[in-house]
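# Reading the structure
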Amino acid sequence: MNKITKSQYEFALSRIEELLPLVDDNTPTNDKNAVELSVMSDIVIAYEKEHYPIEKPTVAELIEYSLEEKGMTQKQLAGEIGVSPSRINDYIAGRSEPTLKIARLLCRVLGISPSAMLGF
């Protein structure tokens, strides 16, 4: 696909808004509106990948976000996985990385996917 301009991106966004009410799960994939929606979506995705890339979260960010999402404190997490609260704080502050054993426990307790924890 050629480089997408900002005006093409904005047009595609606008067109998607018009097409969404016309296409649902029961619309055949070869319907002209469904095909156009797919093309416009591809344009938006390509533009956003280039101009608004989303970086993978760090281990520290994964732990911090997961604690917040679960409503847990660092102290509660420390008790669950058998480390000191200061060790959890070190992970969140980026001062140290969890061992593989602790990373596995963090994944289990916080519901973090192992691939995310490993940076994939």
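Residues numbered from 1 in each chain as written. Predicted model: local features only at pLDDT ≥ 70, side-chain atom pairs only at ≥ 80, totals over all residues. Heavy atoms only, no water.

This part is about the overall build of the protein. Per the secondary structure count, the protein includes 7 helices and 0 strands. Its helices and strands in sequence order give the protein the pattern α-α-α-α-α-α-α, from N to C terminus. Its C-alpha atoms give the protein a radius of gyration of 21 Å, more than 25% over the compact-globule value 14 Å for 120 residues. Principal-axis analysis of the C-alpha atoms places the extent of the protein at approximately 60 × 35 × 20 Å. For the protein, buried positions account for 32% of its 120 residues. Restricting the contact set of the protein to residue pairs at least 6 apart, pairs at least 24 apart contribute 55%. As presented, the protein carries roughly 8400 Å² of accessible surface, and 53% of it is formed by carbon and sulfur atoms. (Helix = DSSP H or I, 4+ residues; strand = E, 2+ residues; numbered from the N terminus. Rg over C-alpha atoms; globule rule 2.2 N^0.38 Å. Buried < 20%, exposed > 50% of the residue type's maximum accessible area, 1.4 Å probe, protein only. Contact = heavy atoms within 4.5 Å. Areas by Shrake-Rupley, 256 points an atom, 1.4 Å probe, with all protein chains shown as cover.)

Another aspect to go through is the nonpolar core. Ranked by internal contacts, the top residues of the largest apolar core, which has 19 residues, are I63, L77, I88, L106 and L110. For this core, the secondary-structure elements that each account for two or more residues are α3 (59–70), α4 (74–81), α5 (85–93) and α6 (100–110). With 5 residues, the single largest contributor to this core is α6. If we skip the residues at most four places from it in the chain, L77 touches I63, L67, M72, I88, L106, V109 and L110. Counting 12 residues, the second largest nonpolar core, distinct from the first, contains I4, A12, V23 and V44. (Core = buried A, V, L, I, M, F, W, Y, C linked by side-chain atoms within 4.5 Å.)

Here we take up the pattern of salt bridges. Evaluation of the coordinates by the stated rule reveals 6 salt bridges. As a salt-bridge pair, R15 and E18 come within 2.6 Å of each other at their nearest N and O atoms. In this pair, R15 and E18 are both assigned in helix α1 (residues 6–19), 3 residues apart and thus about one turn of the helix distant. Overall, the relative accessible area of 44% leaves E18 in the partly exposed class. For R95, the salt bridge identified is with D90, shortest N-O distance 3.0 Å. Put simply, R15, E18 and E36 are held in one network by salt bridges that share partners. (Salt bridge = Lys/Arg side-chain N within 4 Å of Asp/Glu carboxyl O.)

Any functional reading would require information beyond the geometric quantities listed.
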